[in-house]
Amino acid sequence: KIAFVGPTGVGKTTTIAKIAVDYSLAKKKKVALVTIDTYRIAAIEQLKIYARIIGIPVDVVVHEEDLDRIFQKHRNKDLILIDTAGRSHRDISQLKELRRVFAGRQDIERHLVLSATTKQSDISSILRNFKFIDFHYLLFTKIDEGSKFGTLLNAALESGKYISYLTNGQRVPEDIREARVEDIMDLILAANNSRSIAS
């Protein structure tokens, strides 16, 4: 089970669809989608459309206590991907609500999804406030829209977490890859070189 958490607008739902396609169609694994994002009807519909295209089940969890029932329902699946509502890192009450969902659930791997376009000071604030959700990995989206990538390395060092995936566009499933140190260093060096040329 893998859950994706993070601020609003970073592309969690699209990222989940990319991973679902990769595991279901390319790796031939049995996948299920679960969303606990009942705040955005559009996100639920988007996930349902992806699920229908891929040919995998999707469940909407309205109450936290329904999670165990849904997990039991999909106990034969190789992978369950869990979408969550975007949470402002400044809204502590929302973050506490999200923490309650994952309390005591050590079987759920949590990826904090961040946009590569977010400035360093905001990333530091997000990392600090999402810390008590006890996320396991970082995942960066919108690489194609970013221009400074030192923030990726800084975020990994600051949080002490590995980066799991990088996404670089809206295409499903093409625009995603597992993060490698070499890729991140290439991004940083390329950005620095382009600034040197421009100056």
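Residues numbered from 1 in each chain as written. Predicted model: local features only at pLDDT ≥ 70, side-chain atom pairs only at ≥ 80, totals over all residues. Heavy atoms only, no water.

Asker: Could you give an account of the pattern of salt bridges, naming the residues involved and the relevant values?
Answerer: All chains considered together, the criterion is met by eight salt bridges. The partner of Asp68 in a salt bridge is Arg105, with the nearest N and O atoms 2.8 Å apart. Residue Asp68 is located in helix H3 (residues 67-73), and its partner Arg105 is located in the loop between helix H4 (92-102) and strand E5 (109-115); the two are separated by 37 residues in the primary sequence. Classification of Asp68 as partly exposed rests on a relative accessible area of 47%. Here Arg110 and Asp134 are joined by a salt bridge, their closest N and O atoms 3.7 Å apart. On the criterion of sequence distance, the pair formed by Arg110 in strand E5 and Asp134 in the loop between helix H5 (120-130) and strand E6 (137-141) is long-range, its members being 24 residues apart. (Salt bridge = Lys/Arg side-chain N within 4 Å of Asp/Glu carboxyl O. Helix = DSSP H or I, 4+ residues; strand = E, 2+ residues; numbered from the N terminus. Buried < 20%, exposed > 50% of the residue type's maximum accessible area, 1.4 Å probe, protein only.)

Asker: Account for the sheet that holds strand E7 (residues 162-167), with residues named and values stated.
Answerer: Across the sheet, which stays open at both edges, the eight strands sit in the order E3-E2-E4-E1-E5-E6-E7-E8 with mixed pairing between neighbours. Two strands close off the open sheet at either side, each with one partner strand: strand E3 (58-60) and strand E8 (176-178). Neighbour to neighbour, the strand axes of the sheet diverge by 25° on average, direction disregarded. Here strand E2 (residues 31-35) runs beside strand E4 (residues 79-83); their pairing, made up of five bridges, is parallel. The residue bridging Ala32 from the neighbouring strand is Ile80, located in E4. Strands strand E1 (2-5), E5 and E6 of the sheet are contacted by H5, whose axis makes an angle of about 160° with E5. (Pairing = 2+ DSSP bridges. Axes fitted to C-alpha atoms, helices over the stretch in contact; angles between N-to-C directions. Contact = heavy atoms within 4.5 Å.)

Asker: Tell me what's going on with the nonpolar core, and back it up with residues and numbers.
Answerer: Ranked by internal contacts, the top residues of the largest apolar core, which has 38 residues, are Leu112, Phe130, Leu138, Phe140, Leu152, Ile163 and Leu166. Within the second largest apolar cluster, 19 residues are counted, among which are Ala20, Val21, Leu47 and Ala51. (Core = buried A, V, L, I, M, F, W, Y, C linked by side-chain atoms within 4.5 Å.)

Asker: Go over the environment of Ile82 with me, naming the residues and quoting the values.
Answerer: Tracing the backbone through its elements, the reader meets Ile82 in strand E4. Residues Ile82 and Ala190, spaced 108 residues apart in sequence, show a C-alpha to C-alpha distance of 34 Å. Excluding anything up to four places from it in sequence, Ile82 contacts Lys1, Ile2, Ala3, Phe4, Ile16, Val34, Ile36, Phe71 and Ile108.

Asker: Please give an account of the side chain of Thr141 that cites residues and values.
Answerer: Positionally, Thr141 belongs in strand E6. For Thr141, the side chain forms a polar contact with the main-chain oxygen of Val10, separated by 2.6 Å. Not counting residues within four places of it along the chain, the set of residues in contact with Thr141 comprises Val10, Thr15, Val113, Leu114, Ser115, Ala116 and Thr167. (Polar contact = N/O pair within 3.5 Å; in protein donor to acceptor, adjacent residues only side chain to side chain.)

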